[in-house]
Amino acid sequence: MKLLILGNGQLGQMLAQSSIQLGHECLLVNTRTNKVMPAGAHVPLSLSIEEAMQWADIVSWEHEQLDPDHVALAAAKLLTDADKIRPLTHRQLEKKMCDDLGIPTAPWQSFQTADQFSQALQTWQEPVVIKAAFGGYDGKSQWRWNPQSTSAQTEAAALERSAGLQAGIIESMIPFSKEMSIVGARAKDGRILCYPLVENVHTNGILSHTFAGFEHIDERLQATAEEAFRRITEHLGYVGTLAIEFFVVGEGDTAELLVNEIAPRVHNSGHWSLSGCNASQFDLHIRSLTNMPFPELAVQPTLMLNAIGCAQIPAELWQDSRAQAFWYGKDSRPGRKVGHVNMRISSRPDAEALCKHWTPSLQVLS
Ligand code: ATP
Ligand code: MG
Ligand code: MG
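Residues numbered from 1 in each chain as written. Chains lettered and ligands numbered in written order. Predicted model: local features only at pLDDT ≥ 70, side-chain atom pairs only at ≥ 80, totals over all residues. Heavy atoms only, no water.

Novice: Sorry, what's going on with the sheet that holds strand β7 (residues 142-145) here?
Specialist: Pairing between the strands of a sheet comes from backbone hydrogen bonds, and it takes one of two forms, parallel or antiparallel. An order of β5-β8-β6-β7 is seen for the 4 strands of this open sheet, with the pairing classed as antiparallel. Two strands bound the open sheet, and with one partner strand each, they are β5 (108-111) and β7. Looking at each pair of strands side by side, their axes are set apart by 20° on average, direction ignored. Bridging between strand β6 (residues 128-132) and β7 involves 4 bridges; their strand directions are antiparallel. Following the sheet pairing, K131 is matched in β7 by Q142. Sitting on the sheet, helix α5 (residues 91-101) is in contact with β5, β6, β7 and β8 (168-172), with an inclination near 140° to β5. Against the sheet, helix α6 (residues 114-122) makes contact with β5, β6, β7 and β8, and its axis sits at roughly 155° relative to β5, the strand it touches most. (Pairing = 2+ DSSP bridges. Helix = DSSP H or I, 4+ residues; strand = E, 2+ residues; numbered from the N terminus. Axes fitted to C-alpha atoms, helices over the stretch in contact; angles between N-to-C directions. Contact = heavy atoms within 4.5 Å.)

Novice: It is not clear to me how the site of ligand 1 should be interpreted in this structure. Could you clarify?
Specialist: Among the 22 residues in the neighbourhood of ligand 1, the closest are listed as K131, D138, G139, E171 and E179. Note that an oxygen atom of ligand 1 is positioned 3.0 Å from one of the side-chain N or O atoms of Q142. Backbone polar atom of I174 to a nitrogen atom of ligand 1: 2.8 Å apart, as the coordinates give it. When ligand 1 sits alone it has 610 Å² of accessible area, and the protein chains cover 92% of it. Put simply, the parts of the chain that give the shell around ligand 1 at least two residues each are β6, β7, β8, β13 (240-249) and β14 (256-263). (Near = heavy atom within 4 Å. Polar contact = N/O pair within 3.5 Å; in protein donor to acceptor, adjacent residues only side chain to side chain. Areas by Shrake-Rupley, 256 points an atom, 1.4 Å probe, with all protein chains shown as cover.)

Novice: Just checking my understanding: could you explain the UniProt feature "binding site: ATP" (unreviewed entry) in the protein for this structure?
Specialist: Residues annotated by UniProt as "binding site: ATP" (unreviewed entry) correspond here to R91, K131, E171, S172, M173, I174, E179, H202, N260 and E261. Of the annotated set, the members that line the second largest cavity are R91, K131, E171 and N260. By secondary structure assignment, the location of K131 is in strand β6. Here the side chain of K131 touches E171 through a polar contact of 3.0 Å, side chain to side chain. Look at S172 and you get buried, because its relative accessible area is 7%. With sequence-adjacent residues up to four places away left out, S172 is seen in contact with A106, P107, W124, E126, P127 and V128. (UniProt positions renumbered as here; feature names shortened; annotations may be inferred. 1 Å grid on protein atoms, 1.4 Å probe; cavity = no way out; pocket = protein on both sides within 12 Å on 5 of 7 lines; lining within 4 Å. Buried < 20%, exposed > 50% of the residue type's maximum accessible area, 1.4 Å probe, protein only.)

Novice: It is not clear to me how the coordination of the magnesium ion (ligand 3) should be interpreted in this structure. Could you clarify?
Specialist: Six octahedral donors at a metal ideally form angles of 90 or 180 degrees, and four tetrahedral donors ideally form angles of 109.5 degrees. Listed as protein donors to the magnesium ion (ligand 3) are E245 (OE), E245 (OE) and E261 (OE); their distances from the metal cover 2.0 to 2.7 Å. For the magnesium ion (ligand 3), the 6 donor atoms are set out with angles of 52 to 175° between them, so the coordination reads as irregular. Classification of E245 as buried rests on a relative accessible area of 12%. (Donors = N, O, S within 2.8 Å, 3.2 Å for Na, K, Ca; no water. Tetrahedral: all angles 85-135°; square planar, octahedral: opposite > 155°, others 65-115°.)

Novice: Looking at this structure, I do not really get the coordination of the magnesium ion (ligand 2). What am I missing?
Specialist: Every protein donor of the magnesium ion (ligand 2) is accounted for by E261 (OE) and E261 (OE), and the metal-donor separations fall at 2.2 to 2.3 Å. Metal-to-metal, the separation of the magnesium ion (ligand 2) and the magnesium ion (ligand 3) is 3.9 Å; E261 coordinates the two. You can see E261 is positioned in strand β14.

Novice: Before we go on, may I ask you to explain unusual backbone geometry in this structure?
Specialist: Peptide bonds are mostly trans, and most non-glycine residues show a negative phi. You will see that D138, though not glycine, has its phi angle at about 50°, which is positive. Looking at the secondary structure, you find D138 in the loop between β6 and β7. Owing to a relative accessible area of 21%, D138 belongs among the partly exposed residues under this scheme. In this structure, S141 is a non-glycine residue whose phi angle is positive, near 60°.

Listed below in structure tokens is the structure:
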């Protein structure tokens, strides 16, 4: 089939690679310039975006922040209704959707104006995270506030200036035991396949690394995560790969999952699957769109280490037989994801030692 992906960043490129492997044709759109691009090159084709939309059988996206003009042009070639996923680009609507579906999230409150924000903030006796309604990613457009701190009043005034500029939410700071995510896919005919839950470690709100497949995942937690996945994707009529980030509260038999956020697309916490599974999250997205069979998943313990703001991936990692390195070919600046390294390691302590060893040279956050 002929696939057109809106977005030609690293996610678009990796989707294109899977499309080719699965026997499809794929073009990408640079959503800033509206130029149509081949996979793996930054040379625009002479095809107009309208012609590319005509050419395609199916249109999909690398990121849910969609341009309404693109949505209008793609029309019925988008297999998921773009209006349905709009709530996932707006924190208030995303939280409300979870509430309506009976899926637990961190306690929250919304605000629309600076006045409402300062009034609402006074009612919180515990540490909170304040998040702008739109546009935050990698921990940007969110602020921490502790009413017990000595400078709470000054901080509140500063927050009011930043958060009060636009609508947002105040959310209880969750003392999670760890963060996990579930990545899965829902095919055009409604079949669903999820990977096991993976563990994610964030530094300053940005994903640092993921541990996948190291330990047996508690069946109850996996079932809860898959049930949330099913409810959300069915509610949205979603076709493709989708990720749900969770906070795990408590441990062992009493552990509970709270949804943090939902990404209706391929997700950084699924990048391990490029090396640690017989089908990657990109394959599952393309298989979902084109209604191809899903495989039985064979997961190998894999560490995914993000390269953030570094100039390059060290030669030693390119040379390590356990490692598969991915470099996105983007200009590097502090805090920007520029690549990742997947390492097939059998023991979790070894994986943790590798993180400690490599994060200082792979990650420049500010
Ligand atoms: P992404 O790049 O994943 O889209 P984002 O900028 O949209 O991230 P969140 O996922 O909301 O932001 O938050 C980033 C990280 O900040 C979380 O993964 C978590 O580590 C921390 N965090 C966010 N909200 C809370 C909370 N309510 N309690 C505790 N930690 C939080
Ligand atoms: Mg987010
Ligand atoms: Mg997140």
